[in-house]
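Breakdown of the fold
Read off the chains here:
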Amino acid sequence: MKNRYLVLFVALLVIGSLLLVACGDKNDKPADTKAPTAAQTEPATDPAEDTTVPAEDDTTAPAEDDTTVPAEDDTTAPAEETTSPAEETTVPAEETTVPAEETTAPAEDDTTVPEEETTEPDVVLPYDYWQDVLFYVPHVSFDEVKVNSIAGTNIKPADGETATVSNTVSTLYVWGWAAVMEEAYEFGYVIDDGEIVMDPAFTFEAEQGVIDAIAGVGGIAGNRFAIAVDVAALEGEHNIKALVQLDGVYVIVAEFNINKDGVTETTPEDDEEPSTPSNAVVVDLATLADQVGYRPNFAPAGYTKPLFVLGYGCYIDLGEMDLSKYTTVRILYGCDGSPATQENFGALNGDAPIGLKSTATYYGNSGTYEMDGDIAHADMVFSSDAWASGARWVEIDLTNIDYTGNVYVAAHNPANTQIAISAIEFIPAEA
């Protein structure tokens, strides 16, 4: 019985061992399958070391080696390569800009040049209506409108009125002066909206008084104008503008309306000149052509022979003479006959000397007198008929004059006024 039990015990022990071996084999297979897990869990006592090392080796190193380096090599380099194309793109952009400039230049050439060729300068309102025009013309004196010549009848209408012009009138002369702000200028006119007519001949040399007045109002330049407006073919009512052209614009210096209605008007004939004694000594003004103020003629003002137009400081040198041989000297003088000149004569209260002097000086101007060297003189009288048509003779008594020496003919200039002298005659004592 014991042996039986012993055998049974041994058998059970063997079977138990076999079962244990079998279970061990089963456990070996999962252990092999889960080896990584076992490897990770075996060092459970020091997981931080395992985690830190891989973080430094597997995460940080690759970030430096695999991410950072490629970023420098693979990303940055292409960025530089991309920048180069961008710069290459900028160059074409500059090349595109050049054609744009070339396109702009033709635009200036094609547009501006025709404008200059076809556009007339602007017609600017008169200086006293538009203040801005003072930039061009700081002052205008519109004095007269004369019929057929500067010496003709003055028909300048009052503001807002119309001048009646007869069918016998071919030319109207617009007379005055202007101060301008440019060295280059030219006078002209336009009738209605017709063709603008400019002519250097319309500029008339100003006397010293006007020159001083031009400077006084701040003008850079300026002159008198005698604008000859051709009205021969006109009929009915018309508007006339006298112009000065400067700095690309036309500025109106005078404007008036006329009605050429066919009424015949005649210009009053000049008064008959006093006869010249047969033995009179007539000064040949043409022999004095080298002196200041000499003119061979003054056709617009009605003078066809030599004369002198004396401004401030001017005189006529006759050379040496013995005045005891003569009883009288006669001088033919004239002025522009304008209302402004009439006012300036009036300011002198009749004291406007003209005569002979022994010194090379004039009789002063504007009421300031220079009487040194006065030999003999008389006073001038204003005439509303201009220049030749209003010329007057003055006779100066030389009966008690026994002066011998240089003789000068001179006059006193009313403010802004020239005096024309067109004849000088000495009457001998025996006449």
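Residues numbered from 1 in each chain as written. Predicted model: local features only at pLDDT ≥ 70, side-chain atom pairs only at ≥ 80, totals over all residues. Heavy atoms only, no water.

Considerations on the overall build of the chain
Check the secondary structure of the chain and you find five helices and 22 strands. Counting only residues that meet the buried cut, the chain has 37% of its 431 residues in that class. Counted over contacts in the chain with a minimum sequence separation of 6, partners at least 24 positions apart contribute 73%. Total accessible area computed for the chain in this model is approximately 24000 Å², and 52% of it derives from carbon and sulfur atoms. (Helix = DSSP H or I, 4+ residues; strand = E, 2+ residues; numbered from the N terminus. Buried < 20%, exposed > 50% of the residue type's maximum accessible area, 1.4 Å probe, protein only. Contact = heavy atoms within 4.5 Å. Areas by Shrake-Rupley, 256 points an atom, 1.4 Å probe, with all protein chains shown as cover.)

Looking at the confidence of the model for the chain
Per-chain confidence: the chain averages 75 in pLDDT, with 68% of residues scoring 70 or above. Segment residues 125-132: pLDDT under 50, and 12 contacts once partners within four positions in sequence are set aside and those in other chains are kept. Taken as a whole, residues 264-272 scores under 50 in pLDDT and shows 11 contacts with residues more than four places along the chain or in a different chain. (pLDDT = per-residue confidence, 0-100.)

Section: the sheet that holds strand β21 (residues 404-411)
An order of β14-β21-β16-β19 is seen for the four strands of this open sheet, with the pairing classed as antiparallel. Of all strands in the sheet, those bounded by a partner on one side alone are β14 (316-322) and β19 (374-379). Going from strand to strand, the sheet's axes swing by 25 degrees on average, the running direction of each strand aside. Pairing of β14 with β21, which is carried by six bridges, proceeds in the antiparallel orientation. Paired with Met321 across the strands is Gly405, a residue of β21. (Pairing = 2+ DSSP bridges. Axes fitted to C-alpha atoms, helices over the stretch in contact; angles between N-to-C directions.)

Quick notes on the pattern of salt bridges
Under the criterion given, the structure shown has six salt bridges. The residue Glu255 makes a salt bridge to Lys241 at a minimum N-O spacing of 3.8 Å. With Glu255 in strand β10 (residues 249-260) and Lys241 in strand β9 (residues 236-246), the pair connects residues that are 14 residues apart, well separated along the chain. Here the salt bridges do not stand alone but share partners, grouping Asp143, Arg224 and Asp336 into one network. (Salt bridge = Lys/Arg side-chain N within 4 Å of Asp/Glu carboxyl O.)

A short note on the sheet that holds strand β2 (residues 139-147)
The strand order across the open sheet built from four strands is β2-β4-β8-β7, with neighbouring strands paired in antiparallel fashion. Two strands in the sheet have a free side with no partner beyond their single neighbour: β2 and β7 (203-204). Pairing geometry for strand β4 (residues 171-180) and strand β8 (residues 221-230), over 10 bridges, is antiparallel. Looking at β8, one finds that Val174 is bridged to Ile227. Sitting on the sheet, helix α4 (residues 208-216) is in contact with β4 and β8, with an inclination near 50 degrees to β4.

Regarding a nonpolar patch on the surface
Together, Phe9, Val10, Leu13, Val14 and Leu18 give the surface a local cluster of nonpolar side chains, amounting to about 490 Å² of exposed area. Position of Leu18 relative to the elements: it lies in helix α1 (residues 2-33). (Patch = residues over 30% accessible without salt bridge, like charges linked within 9 Å, V, L, I, M, F, W, Y side chains within 5 Å.)

Details of the nonpolar core
Ranked by size, the top nonpolar core spans 48 residues in total, and within it Val137, Leu172, Val174, Ile227, Val229, Ile258 and Trp387 carry the most contacts. At the level of secondary structure, the elements contributing two or more residues to this core comprise β2, β3 (162-165), β4, β5 (186-191), β8, β9, β10 and β13 (307-310). Formed by 37 residues, the second largest nonpolar core is a distinct cluster that contains Tyr294, Phe345, Ala352 and Ile354. (Core = buried A, V, L, I, M, F, W, Y, C linked by side-chain atoms within 4.5 Å.)

Details of the environment of Ala360
For Ala360, the position within the fold is in the loop between β16 (353-357) and β17 (364-365). The class of Ala360 is partly exposed, set by a relative accessible area of 35%. Considering only alpha carbons, one finds Ala360 and Ala410, 50 residues apart in sequence, at a separation of 8.8 Å. The residues touching Ala360, leaving out its near neighbours within four places in the chain, are Tyr315 and Tyr408.

So, the pairing of strand β22 (residues 419-428)
β22 sits mainly inside the fold: 10 of its 10 residues count as buried. Across two bridges, strand β11 (residues 281-282) lies against β22 in antiparallel orientation. Bridge pairing in β22 links Val282 to Glu425. Looking at chain direction, β13 and β22 are connected through three bridges and run antiparallel. Along β22, the bridge assignment pairs Phe308 with Ile421.

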